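# A look at the structure
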Amino acid sequence: MNWPTFIVDVDKDALAEHAAIRILDVAEEAIRQRGFFTIALSGGNTPRSVFEHFRGHVRVDGLKWHIFWSDERCVPPDDPESNYRMARESFLDHVNIPPENIHRLRGEADPVLEAARYETDIRQTVPGDPIPRFDLILLGMGDDGHTASLFPGTEALNETERLVVANYVPQKSTWRLTFTYRLINAAADVLILVSGAGKAERLQAVMDAASGETPYPISGVKPNAHWMVDSDAARLLDSP
């Protein structure tokens, strides 16, 4: 797919619709070439709006989609904070995807053991050697510049061997499960969604960082990732 690397949409609704179309385009191309589509979802309000566009959509060939998550909170699947629960309520309950194609990160399990199990699941399902290559990984950006559950100052930022790790986040006094840069940066496509005026200053800082600098975790994502942002988040990018 020859996408622009940075797209600004007029508002959050337009961003969600545009992102959904992009994902469906990638899915159809992967299915045409290989017979199935692999995607890692993210949490957050912006992805929720994207997922809602998939409800009953004729272009969602759910029998050929394999759904993973790029990170998860260490909570049960019915917890309001669960990324899985958000995706299930907004998307998965409304499409025909076989249960065996929904690869949940088990936030209620021991984090270290679950990270190892999930890495094995990915290796068994997602093509690519030595690193599995997702067709698309969906990411966002937090107010502090984190992405997935790669938070500033945490050990997962320095992981170079593992694909999925348990990452303790002191800022939140909790464990998270997360993809590492090694897995994220091997993906065929990475789509980063950012919306809202509250992200404007951080987005400007990330974009203004000198080439090669990684002052924020999001900066460690491969440089050819595709950004889709709304006008509120992009409002400072043209400032002197």
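## A word on the overall build of the protein
The helix and strand tally for the protein stands at six helices and nine strands. Based on the C-alpha atoms only, the size of the protein along its principal axes is roughly 50 × 40 × 35 Å. Burial status across the protein gives 51% buried among its 240 residues. Looking at the protein alone, contacts between residues at least 24 apart form 74% of all its contacts between residues at least 6 apart. Here the protein has roughly 10800 Å² of accessible surface; of this, 46% comes from carbon and sulfur atoms. Each charge class in the protein was averaged separately, 24 positive and 36 negative side chains, and the resulting centres sit 3 Å apart.

## Topic: the pairing of strand β5 (residues 136-140)
Burial analysis of β5 places four of its five residues in the buried class, which makes it a mostly covered element. Sheet topology places strand β2 (residues 37-41) next to β5; two bridges connect them, and they run parallel. When the bridges of β5 are listed, Ile39 appears paired with Leu136. Across four bridges, the pairing between β5 and strand β8 (residues 190-194) is parallel.

## What to know about the nonpolar core
Ile23, Phe37, Phe54, Trp65, Phe134 and Phe179 are the most contacted members of the largest nonpolar core, which has 70 residues in total. A total of 10 residues in this core trace back to one element, the largest contributor, which is helix α1 (residues 12-34). With near-sequence residues (within four places) excluded, Trp65 lies in contact with Ile23, Leu24, Ala27, Ile31, Phe37, Phe54, Val60, Phe91, Ile97 and Asn101.

## Here's the deal with the sheet that holds strand β9 (residues 226-230)
Across a sheet, strands are paired by hydrogen bonds formed along the backbone, either parallel or antiparallel in direction. Read across the sheet, six strands follow the order β1-β9-β8-β5-β2-β3 without closing on themselves; strand pairing throughout is parallel. In this open sheet, the two strands that pair with only one neighbour each are β1 (6-9) and β3 (65-69). Averaged over all pairs of adjacent strands, the angle between their axes in this sheet comes to 20°, without regard to strand direction.

## Some remarks on unusual backbone geometry
Of note, the amide linkage connecting Asp129 to Pro130 takes the cis form, showing an omega dihedral of 10°. Located in the positive-phi region is Ala148, a residue other than glycine, with phi close to 50°. Along the chain, the position of Ala148 falls in the loop between β5 and β6 (164-169). On the basis of relative accessibility, which here comes to 9%, the residue Ala148 falls in the buried class. A positive phi angle, close to 50°, is found at Ser173, a residue other than glycine. Structurally, Ser173 is set in the loop between β6 and β7 (174-179).

## As for the packing of helix α2 (residues 45-52) against helix α3 (residues 83-90)
Contact geometry for α2 and α3: axes closest at 9 Å, N-to-C directions at 30°. Relative to α3, the element α2 is oriented roughly parallel. Between α2 and α3 lies a crossing of right-handed hand. Contact residues: α2 offers Pro47, Arg48, Phe51 and Glu52, while α3 offers Met86, Ala87 and Ser90.

About the thresholds
Residues numbered from 1 in each chain as written. Predicted model: local features only at pLDDT ≥ 70, side-chain atom pairs only at ≥ 80, totals over all residues. Heavy atoms only, no water. Helix = DSSP H or I, 4+ residues; strand = E, 2+ residues; numbered from the N terminus. Buried < 20%, exposed > 50% of the residue type's maximum accessible area, 1.4 Å probe, protein only. Contact = heavy atoms within 4.5 Å. Areas by Shrake-Rupley, 256 points an atom, 1.4 Å probe, with all protein chains shown as cover. Lys, Arg positive; Asp, Glu negative; His and termini not counted. Charge placed at Lys NZ, Arg CZ, Asp CG, Glu CD. Pairing = 2+ DSSP bridges. Core = buried A, V, L, I, M, F, W, Y, C linked by side-chain atoms within 4.5 Å. Axes fitted to C-alpha atoms, helices over the stretch in contact; angles between N-to-C directions. Parallel < 35°, antiparallel > 145°, perpendicular 65-115°, else oblique. Left-handed = near helix turned anticlockwise from the far one by under 90°.

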